[in-house]
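Coordinates in review
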Amino acid sequence: MNPARKPLIAGNWKMNAGGAAGCALAADVARGTTAHDRVEVLVAPPFTALAAVAHELSGTAVAVAAQNLHPKASGAYTGEVSGPMLLEAGATSVIVGHSERRALFGDSDAVVAEKVAAALAQGLRPIACVGETLEEREAGRTLEVVGRQLDAFVRLLAERPGFGVVAYEPVWAIGTGRTAGPEQAQEVHAALRARLAAVSPTLAQQTRILYGGSVKADNARALLAEADVDGALVGGAALDAAAFVAISAAAQALAGAPS
Ligand code: PGA
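All values reported here derive from a predicted model rather than from experimental measurement.

1. With respect to unusual backbone geometry
- Phi at lysine 14 takes a positive value of approximately 55 degrees, unusual for a residue other than glycine.
- Residue position: lysine 14 is located in the loop between strand 1 (8-12) and helix 1 (20-33).
- Here lysine 14 falls in the partly exposed class, since its relative accessible area comes to 22%.
- A positive phi is found at alanine 17, a non-glycine position, where the angle reads about 55 degrees.
- Inspection of the secondary structure puts alanine 17 in the loop between strand 1 and helix 1.

This is the structure in structure tokens:
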């Protein structure tokens, strides 16, 4: 963590808590994080719960993100949801290029870039994900892969430094209980920040790079203590309010610690 950047703890609920359960979870998160004034907290419910969760969270400091968007604003795209619709539902951020989207729904680097551009055009904060597979890591290609993924949208982020967020999520660590060690995460985060710096030093200084992949209450502190880890994108543990609140509490404690 670096005092120049406010930590962001984001909960990606994936295809869970899409109804009343989402509102209850959101209310618990808001209650538990009320005192976390040095942390930005957000939750990303499924589309069906966006408006209800945003309503539940109105008047609290917890923000709402969507998990995906269609790059077009409207039109004949059955089953899709656009940026303006997300804004109207109360979302202020959107996750783009999550590895599950890339692997299961064909979100290529080009599609991810289109979605980042659409989010920015709508004033939605993109949380753009990058990450290598286990095979790529074992072949020593991690930095090449995440570098290529970042390059697809980095110039778009440079149009508004500090607004867009990058999330490093090694695919082999998502939902597996295997976490990148703090040094492994830091190595990739530092490489991503160097790549941002090549485009603009301001962009590198201001962009938050989140770590994601089996972040839990008991490993969050060590990951967040790394210099270039500016927060967490949390999947499984975000469905448990107490666990998610504990991760936010770790960020709150570190953000207040003298450096
Ligand atoms: P996980 O998911 O915390 O369950 O590993 C993280 C993510 O996919 O964003």
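From this point, the narrative continues.
2. A word on the side chain of serine 99
- Within the secondary structure, serine 99 sits in helix 4 (residues 99-104).
- We classify serine 99 as buried; its relative accessible area is 13%.
- Sequence-distant contacts of serine 99, defined by excluding residues within four places in its chain, comprise Val171 and Ile174.

3. A few points about the environment of leucine 192
- Looking at where leucine 192 falls in the secondary structure, it is placed in helix 9 (residues 182-199).
- Between the alpha carbons of leucine 192 and valine 130 there is a distance of 9.8 Å; along the sequence they are 62 residues apart.
- Those residues in contact with leucine 192 that lie beyond four places of it in its chain are Val130, Val146, Leu150, Val166, Tyr168 and Ile209.

4. What to know about the packing of aromatic side chains
- Per the counting criterion, the structure on display carries one aromatic pair.
- Positioned above the aromatic ring of phenylalanine 163, the side-chain terminus of arginine 160 is 3.6 Å from the ring centre.

5. Quick notes on the site of the ligand
- Neighbouring the ligand are 13 residues; Lys14, His98, Glu169, Gly175 and Ser214 lie closest to it.
- Lysine 14 is positioned with one of its side-chain polar atoms (N or O) 2.7 Å from an oxygen atom of the ligand.
- Measuring from an oxygen atom of the ligand, one finds a side-chain N or O atom of histidine 98 at 2.6 Å.
- Protein burial of the ligand: of its 280 Å² of free accessible surface, 97% is covered by the chains.
- In terms of residue class, the shell around the ligand is made up of four nonpolar, seven polar and two charged.

6. Let's talk about the sheet that holds strand 1
- The strand order 1-2-3-4-5-6-7-8 describes a closed barrel built from eight strands, whose pairing is parallel. Each strand axis lies, on average, 25 degrees off the axis of its neighbour in the sheet, ignoring direction.
- Where strand 1 meets strand 2 (residues 40-44), five bridges bridge the pair, whose relative direction is parallel. Residue alanine 10 lies in a different strand from strand 2, and its bridge partner there is leucine 42.

7. Points about the side chain of glutamine 67
- With respect to the helices, strands and loops of the structure, glutamine 67 is situated in the loop between strand 3 (63-66) and helix 3 (83-89).
- A distance of 2.9 Å separates a polar atom in the side chain of glutamine 67 from the backbone oxygen of alanine 44.
- From its side chain, glutamine 67 meets the backbone oxygen of proline 45 in a polar contact 3.4 Å long.
- Beyond its immediate sequence surroundings of up to four residues, glutamine 67 is in contact with Asn12, Trp13, Lys14, Met15, Ala44, Pro45, Pro46, Val94 and Ile95.

8. Observations regarding the pairing of strand 2
- Of all five residues in strand 2, four are buried; the element is thus mostly enclosed.
- Tracing the backbone out of strand 1, into helix 1 and back to the parallel element strand 2 gives a crossover that is right-handed.
- With helix 2 (residues 47-57) bridging strand 2 and the parallel strand 3, this β-α-β connection has right-handed handedness.

9. Let's talk about helix 5 (residues 109-122)
- For helix 5, built from 14 residues, the straight-helix expectation of 20 Å at 1.5 Å per residue is met to within 8% by its first-to-last C-alpha distance of 20 Å.
- As for helix 5, its buried residues are in contact with strand 4 (93-96), helix 4, strand 5 (125-130), helix 7 (142-151) and helix 8 (154-157).
- Downstream of helix 5 by one or two residues, glycine 123 has phi in the positive range, about 80 degrees.

10. Side note on the nonpolar core
- In this structure, Val53, Leu86, Phe153, Leu192, Tyr211 and Leu224 are the most contacted members of the largest nonpolar core, which totals 69 residues.
- Top element by residues in this core is helix 12 (residues 241-256). It accounts for seven residues.
- The residues touching tyrosine 211, leaving out its near neighbours within four places in the chain, are Tyr168, Pro170, Ala173, Thr179, Ala180, Ala185, His189, Leu223, Val229, Gly231, Ala232 and Leu233.
- Among the nonpolar cores identified, the runner-up in size contains 12 residues, and Ala44, Ala65, Val165 and Leu210 belong to it.

Definitions and cut-offs
- Residues numbered from 1 in each chain as written.
- Predicted model: local features only at pLDDT ≥ 70, side-chain atom pairs only at ≥ 80, totals over all residues.
- Heavy atoms only, no water.
- Helix = DSSP H or I, 4+ residues; strand = E, 2+ residues; numbered from the N terminus.
- Buried < 20%, exposed > 50% of the residue type's maximum accessible area, 1.4 Å probe, protein only.
- Contact = heavy atoms within 4.5 Å.
- Phe/Tyr/Trp six-rings, centres within 6.5 Å; stacked < 30°, edge-to-face > 60°.
- Lys NZ or Arg CZ within 6 Å of the ring centre and 35° of its normal.
- Near = heavy atom within 4 Å.
- Polar contact = N/O pair within 3.5 Å; in protein donor to acceptor, adjacent residues only side chain to side chain.
- Areas by Shrake-Rupley, 256 points an atom, 1.4 Å probe, with all protein chains shown as cover.
- Nonpolar A, V, L, I, M, F, W, Y, C, P; charged D, E, K, R; others polar.
- Pairing = 2+ DSSP bridges.
- Axes fitted to C-alpha atoms, helices over the stretch in contact; angles between N-to-C directions.
- Right-handed = clockwise from strand over helix to strand, strands pointing away.
- Expected span 1.5 Å × (residues − 1).
- Core = buried A, V, L, I, M, F, W, Y, C linked by side-chain atoms within 4.5 Å.

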